[in-house]
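Chain by chain, the residues:
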Amino acid sequence: MMFKRMCYFVLAICVLFVFQIDIHAAEITQDVEARDVLLVYDNELLDLTHENVAAIADILTYMGYSTHYSTIKESKGILNNFTHIVYYHESDFIEQSFLDELSRLDNKIMVVGGGDVSSLLKILKLPFTCTSIESTRVQLSYYLDGKKEISMFAKSQRVSLLKGDFPYSSGTIMVGNQSTTLCVRSERFSNIAIFDSKSALLKAILTQQITLWKWPYENAPNIFAQYIVFDEVYPFFNTQKMMNVISMMKKLGVPYAITVMPIYQNGEYPAMKHFCEVLRYAQANGAAIFLKAPIMNTNKPILEDINKRISIAFTAYSSYGVYPIALEAPNNWIHEKMGQDILRRFRTIVLTLDQKENSWSGKAVYNTIYSDGHQIIAPALSVGDIEDNLISAYPTALFLDINTNIDDLRTQIKKIQESTVPLKNLWASSHSVYTEDKTLSYKDDILTINGEVQSLEFVPFKYNIEYQYNRGIIGRMADSFARENKKLLFIVFGISILFIFFIGIARYQNRKKFLYKSDSNDDLGEENRN
Amino acid sequence: MTFIDGLSLYAIIAIWSLMLINVTLSIGGFIYYIKINKTNGHVKLKEYPMVSILVPAHNESFVIRKTVQALLAFDYPKELYEIIVINDNSTDDSAVVLKEIQAKNPERKMIVINTDKVSGGKGKSNALNIGLTLASGTVLAIYDADNTPEPNALTLLVENLMSNDKLGAVIGKFRTRNREASLITRFVNIETLAYQCMNQAGRWFFFKLCTIPGTNFVVRRSIIDAIGGWDTKALSEDTEISFRIYRMGYQIMLMPLAVTWEQEPQLLHIWLKQRTRWAKGNLYVLKENFKYVFDKSAGAMRLDVLYYAAVYVLMMTSLICSDTIFIMSVLGFAHVTLGGFSTFLWIMAVLVFVLNVLITLAVEKNEFNMKSALLILLMLFTYSKLWVVVVLNAALQSFNDAIFKREVKWYKTERSVETNKRIGGDNK
């Protein structure tokens, strides 16, 4: 009897214990909104690894995945919310709690980087071995879609060498005299043995691997188009040269876009009118027009100022029938609040890689820009020739220089035409732009500004070539006046008005005192003065 | 940003800051002038005090007759003021002239102290200290030997001083008697009205601060006794004594209706010597008193010390910077890349300067006209530049005096025979 009671007691304790663990597990499960991908990374990010995580975050954003960012430590209790986890890993160690949580789930995990994954393989019960070695120079070979094998050297702090019989493997890496596969996949586990954000090929490989990893069907994933963009075409550019390029593009029947630089003043100059005339001709013949984002040249830019400048520039072009349908902006803007606020006014955005450090931060928690529903056109990636774009997993822009010799340009265009990445006309998509006073909408081949339909056909207009440039002294002063600090001008204006008023009062008082009324006390002074 | 850009930025900020200070003072000064002009300035007293007028004079025979006659013509009760002329080691016929005036006015209390090179000839402060020993008044009035005060000046000063216990001294306004004599006297006339009278009025209006100008002022005898007389080391005894009065907790008031007319240097070299003495004196006072900027108990005086520091240090360095940059730019040795550093900024500064000066001329009779406006412009590009030379020279001399332990040497402004027919000489 006693034994029986004892058994019930022990059983009750065990049930309670298990129940408590469940309660505890429930407590630490965080309420995180389910997104497409969870991007986790080692707890301590160095400069280099930060750049790599930022590049992976960018790729996921370009591919249109809503992504949640988290360190390994912070991911505790949220893994269950994601079907796909990308884990950027460069260390020897993986936190046990992460492994434990992962072992209880069945979501897919892709490890990117040279960190040791032995413990992960163990909990996933996969019969592979992993050796993570420190390395500086790695030789890569990889087949990208429809392209011949690309081989190149890459630099990396670490490489993970996986050995085993993999159901899927792709590419090879060679470190010293050791050779192994670059990308492997088995059940829920995928691995890319090395990653470096500075290598276009490794970014392209990662992009392709993510595409395959996320694609649920048997057939090949979708291919996204590339867009030819003649970048940074300045107003008052040599219009004859432009016409040669436009005629060539028309003849070749290739869709393209021209990014024009913003203009804030002197829009009434004949040269600007002529420039816009040529742009309108290009636009009528299929060229899309992008507006380059203003340069933020102060440490604390003001959103309203930037938006105002964009509005001025948009009006400068649209008043001559040139309609910018997208904004070309630095890639960092997708990570920064002000950049996002500016971009929000454009449905289609074209991103460029500037020289600055990637401003992505894990503190953002998720890729906000995704929720804004943009059509993002990211910069193309190539190894060697610019026209040899490696990316077809998301829309890309191939930036060309309009100053290039026309024959060289023709050769480039022909090479692009031969690419496996298709070209697409941007006029085939919908676009919208909002500025301070204008709303552009393009849908089903109809372009409206503030609701009024605008024609995209080319109709030459007349303008006076003789123009008074106002470049004399007065003109220069007017320019100078416009550039001055408005606050100081306001103060000077206020002081001048006040002083003129004071002078008026003083003169009135003096006349009253000396002209109409004799003051005996002043006689001596008067005598002194006269 | 280049080094030149840095200098330019400094010059712009300093010049505009000083300009805005002056504008503010002019606004205050103008309001004060308008208020005062609506009154006659008099405050009747139950009892008028005995006043001792001290007139230090060194080789002043050209002007002393006119001065003493103007002092004798005051409308202040004749029995209640005495004139003490300290004929300080003069080598001209000042003593004869003074004796003649004494003989002609036997009923008036006029004392002439003739000092020799042993007891006198050591500057204005020393002469005033000598005069102080014979003074019997409870109020002291100081006039330079080249002054012709208006008859009501002394009464106005004394009435205002005695009607307010907080006041340690009351100063009047001084005007240029020989303004038409030369271009330099015309400039001095404008400078006096704008930067001495209007600024003083603004400082009084806002901060109850004024600096004694060296002439046409009254001060309580008790204060001078308490501070042990004038500092003989100070070349600008007026500024020095002002600071000492502030420290005693008294205020110094401006009464602009009490006017004196004085002779200003007609020749450039005399002007340069006089202004160098003033600048040396002010630098000395600034050096001696700068410590009070950090002393909370010094009260409003701290503002005045800062004002002097701003004028002498900030203005001088900024003018040197801007002029150097201008010359180097013209010669092609320097190029300012700073955004907004343009001609228009300077034009705006000139506009504010001209209007600021014009407002001070507008309150005076016969001063506001197109000729004055053109003179102000000319003054900006010529006379104002000389100020830099004066201050640099004064700084250099002060430095040399300190290094070589030289005794402070008093330069007495040379007087001229007034050739200007338009100015009145005789106040009778």
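Small disclaimer: the values here were computed from a predicted structure and weren't measured.

Visitor: Which residues make up the overall build of chain A, and what are the values?
Guide: Assigned secondary structure in chain A consists of 14 helices and 22 strands. Long-range contacts, defined as pairs at least 24 residues apart, comprise 70% of the intrachain contacts of chain A with a sequence gap of at least 6.

Visitor: Mind laying out the overall build of chain B, listing which residues take part and the relevant values?
Guide: Regarding its fold elements, chain B presents 13 helices and eight strands. When burial is assessed residue by residue, chain B has 47% of its 428 residues classed as buried. A separation of at least 24 residues holds for 83% of the contacts in chain B among residues at least 6 apart in sequence.

Visitor: Just give me the short version of the confidence of the model for chain B, but keep the residues and values in it.
Guide: All names here are of chain B. Per-residue confidence for chain B gives a mean pLDDT of 85, with 91% of residues at or over 70. Across residues 420-428, where pLDDT falls below 50, the model places 24 contacts with residues more than four positions away in sequence or in other chains. Reported confidences for the modelled complex are a pTM of 0.53 and an ipTM of 0.80.

Visitor: Describe the packing of helix α8 (residues 237-247) of chain B against helix α9 (residues 268-289) of chain B, and please don't skip the residues or the numbers.
Guide: Residue and element names in this part refer to chain B. At a closest axis distance of 8 Å, the pairing of α8 and α9 adopts a crossing angle of 25 degrees. When the axis of α8 is compared with that of α9, the two are roughly parallel. Crossing of α8 over α9 shows right-handed handedness. On α9, the residues that touch Thr239, Glu240 and Phe243 of α8 are Gly281, Asn282, Val285 and Asn289.

Visitor: Requested: an account of the environment of Tyr168 of chain A, with residues and values cited.
Guide: All names here are of chain A. Its location among the elements puts Tyr168 in strand β9 (residues 168-175). Judged by the 11 C-beta atoms lying within 10 Å of it, Tyr168 is exposed. As a C-alpha pair, Tyr168 and Ser186 span 18 residues in sequence and 6.6 Å in three-dimensional space.

Visitor: I'd love a proper account of the sheet that holds strand β20 (residues 439-443) of chain A, names of residues and values included.
Guide: Whether parallel or antiparallel, the strands of a sheet pair through hydrogen bonds between backbone atoms. All names here are of chain A. Taking strand neighbours across the sheet as the criterion, the four strands line up as β19-β20-β21-β22 in an open arrangement whose pairing is antiparallel. Two strands in the sheet have a free side with no partner beyond their single neighbour: β19 (431-434) and β22 (452-454). For this sheet the average axis-to-axis angle between neighbouring strands, irrespective of direction, equals 20 degrees. Relative to β20, β19 is paired through four bridges, and the arrangement is antiparallel. Counted as the bridge partner of Ser432 is Ser441 from β20.

Visitor: Could you give an account of the pairing of strand β3 (residues 110-115) of chain B, naming the residues involved and the relevant values?
Guide: All names here are of chain B. Alignment of strand β2 (residues 81-88) against β3, held across six bridges, turns out to be parallel. Within β3, the position partnered with Asp88 by the bridge is Thr115. Each parallel crossover has a hand, and the one from β2 via helix α3 (residues 94-104) to β3 is right-handed.

Visitor: A description of the pairing of strand β14 (residues 288-292) of chain A should follow, citing residues and the corresponding values.
Guide: All names here are of chain A. In terms of burial, β14 is a largely internal element, five of the five residues being buried. Of the two faces of β14, the one carrying Ala288, Phe290 and Lys292 and the one carrying Ile289 and Leu291 are both buried. Of the pairings in the sheet, the one linking strand β13 (residues 257-260) to β14 comprises four bridges and is parallel in character. By the bridge assignment, Thr259 is partnered in β14 with Phe290. Note that the unit made of β13, helix α7 (residues 270-284) and β14 has a crossover that is right-handed. When β14 meets strand β15 (residues 324-330), the two strands line up parallel, connected through four bridges. Following the sheet pairing, Leu291 is matched in β15 by Leu327.

Visitor: Pulling in residues and values, what's your account of helix α12 (residues 370-381) of chain B?
Guide: Residues and elements named next belong to chain B. Here α12 spans 17 Å end to end across 12 residues, near enough to the 16 Å set by a 1.5 Å rise per residue. Every buried residue belonging to α12 is among Ser372, Ile376 and Met379, and all of these are buried. Along the axis of α12, the buried residues cluster in a sector spanning 65 degrees; they form a single face. Exposed positions of α12 whose direction lies more than 90 degrees from the buried face are Met370, Lys371, Leu374 and Phe381.

Visitor: Could you give an account of the environment of Leu361 of chain B, naming the residues involved and the relevant values?
Guide: Secondary-structure assignment places Leu361 of chain B in helix α11 (residues 343-362). Excluding residues within four positions of it along the chain, Leu361 of chain B makes contact with Ile190, Leu193, Glu367, Phe368 and Ser372 of chain B.

Visitor: I'd like a description of unusual backbone geometry, backed by residues and values.
Guide: In this structure, Asp445 of chain A takes a positive phi of about 65 degrees despite not being glycine. One can find Asp445 of chain A in the loop between β20 and β21 (446-449). Backbone geometry at Lys208 of chain B places phi at a positive 55 degrees, although glycine is not the residue there. The residue Lys208 of chain B is located in the loop between α6 (183-207) and β7 (217-220) in this model. Taking the C-beta count within 10 Å as the criterion, Lys208 of chain B has 15 such neighbours and is therefore assigned partly exposed.

Visitor: Quick one: what's the story with the sheet that holds strand β7 (residues 149-154) of chain A, residue by residue and with numbers?
Guide: Residues and elements named next belong to chain A. Pairing within the open sheet is mixed, and its nine strands lie in the order β2-β1-β3-β4-β11-β10-β9-β6-β7. A strand with exactly one partner marks an edge of an open sheet, and here the two such strands are β2 (67-71) and β7. On average, each strand axis in the sheet is tilted by 25 degrees relative to the strand beside it, whichever way the strands run. When strand β3 (residues 84-88) meets strand β4 (residues 108-112), the two strands line up parallel, connected through five bridges. Paired with Val86 across the bridge in β4 is Met110. On the sheet, helix α5 (residues 200-214) packs against β3, β4, β6 (138-143), β7, β9, β10 (178-186) and β11 (189-192) and is oriented at approximately 170 degrees with respect to β11.

Visitor: Any chance you could break down the packing of α9 of chain B against helix α10 (residues 301-331) of chain B for me, citing the residues and the numbers?
Guide: All names here are of chain B. Where α9 contacts α10, the axes come no closer than 10 Å and their chain directions differ by 130 degrees. With respect to α10, the element α9 is oriented oblique. Note on packing geometry: the crossing formed by α9 with α10 is left-handed. Residues Asn282, Leu283, Leu286 and Asn289 of α9 form the contact with α10, whose participating residues are Val305, Tyr308, Ala309 and Tyr312.

Visitor: I'd like a description of the nonpolar core, backed by residues and values.
Guide: Of all hydrophobic cores here, the largest spans 121 residues; its most connected members are Leu39, Ile56, Val112, Val229, Ala257 and Ile289 of chain A. Considering every element that reaches this core, the biggest residue donor is helix α2 (residues 47-62) of chain A, with eight residues. Composition of this core by domain shows at least three residues from each of domain 1 (30-214) and domain 2 (226-454) of chain A. Setting aside anything within four residues of it in sequence, one finds Ile289 of chain A in contact with Ala257, Ile258, Val260, Leu279, Gln283, Val322, Tyr323, Pro324 and Ile325 of chain A. Counting residues in hydrophobic clusters, the runner-up holds 110 residues, among them Leu98, Ile241, Met255 and Val285 of chain B.

Visitor: Outline the environment of Phe62 of chain B, listing residues and values.
Guide: Residues and elements named next belong to chain B. Inspection of the secondary structure puts Phe62 in the loop between β1 (51-57) and α2 (64-72). Using a count of 18 C-beta atoms within 10 Å as the deciding quantity, one classes Phe62 as partly exposed. Remark: the alpha-carbon pair of Phe62 and Asp146, spanning 84 residues in sequence, is separated by 8.6 Å.

Visitor: Before we move on, can you summarise the confidence of the model for chain A with the specific residues and values?
Guide: Close inspection of predicted coordinates is inappropriate in any region flagged by low pLDDT. All names here are of chain A. Of the residues in chain A, 85% have a pLDDT of 70 or more, and the chain-wide mean is 84. Every residue in residues 17-30 is under pLDDT 50, and counting partners more than four places away or in other chains gives six contacts. Segment residues 518-530: pLDDT under 50, and 16 contacts once partners within four positions in sequence are set aside and those in other chains are kept.

Reading the values: rules and limits
Residues numbered from 1 in each chain as written. Chains lettered and ligands numbered in written order. Predicted model: local features only at pLDDT ≥ 70, side-chain atom pairs only at ≥ 80, totals over all residues. Helix = DSSP H or I, 4+ residues; strand = E, 2+ residues; numbered from the N terminus. Contact = placed C-beta atoms within 7 Å. Buried ≥ 20, exposed ≤ 12 C-beta atoms within 10 Å, placed from the backbone. pLDDT = per-residue confidence, 0-100. Axes fitted to C-alpha atoms, helices over the stretch in contact; angles between N-to-C directions. Parallel < 35°, antiparallel > 145°, perpendicular 65-115°, else oblique. Left-handed = near helix turned anticlockwise from the far one by under 90°. Pairing = 2+ DSSP bridges. Right-handed = clockwise from strand over helix to strand, strands pointing away. Expected span 1.5 Å × (residues − 1). Arc of directions from axis to C-beta. Core = buried A, V, L, I, M, F, W, Y, C linked by C-beta atoms within 7 Å. Domains from an automatic or database assignment.

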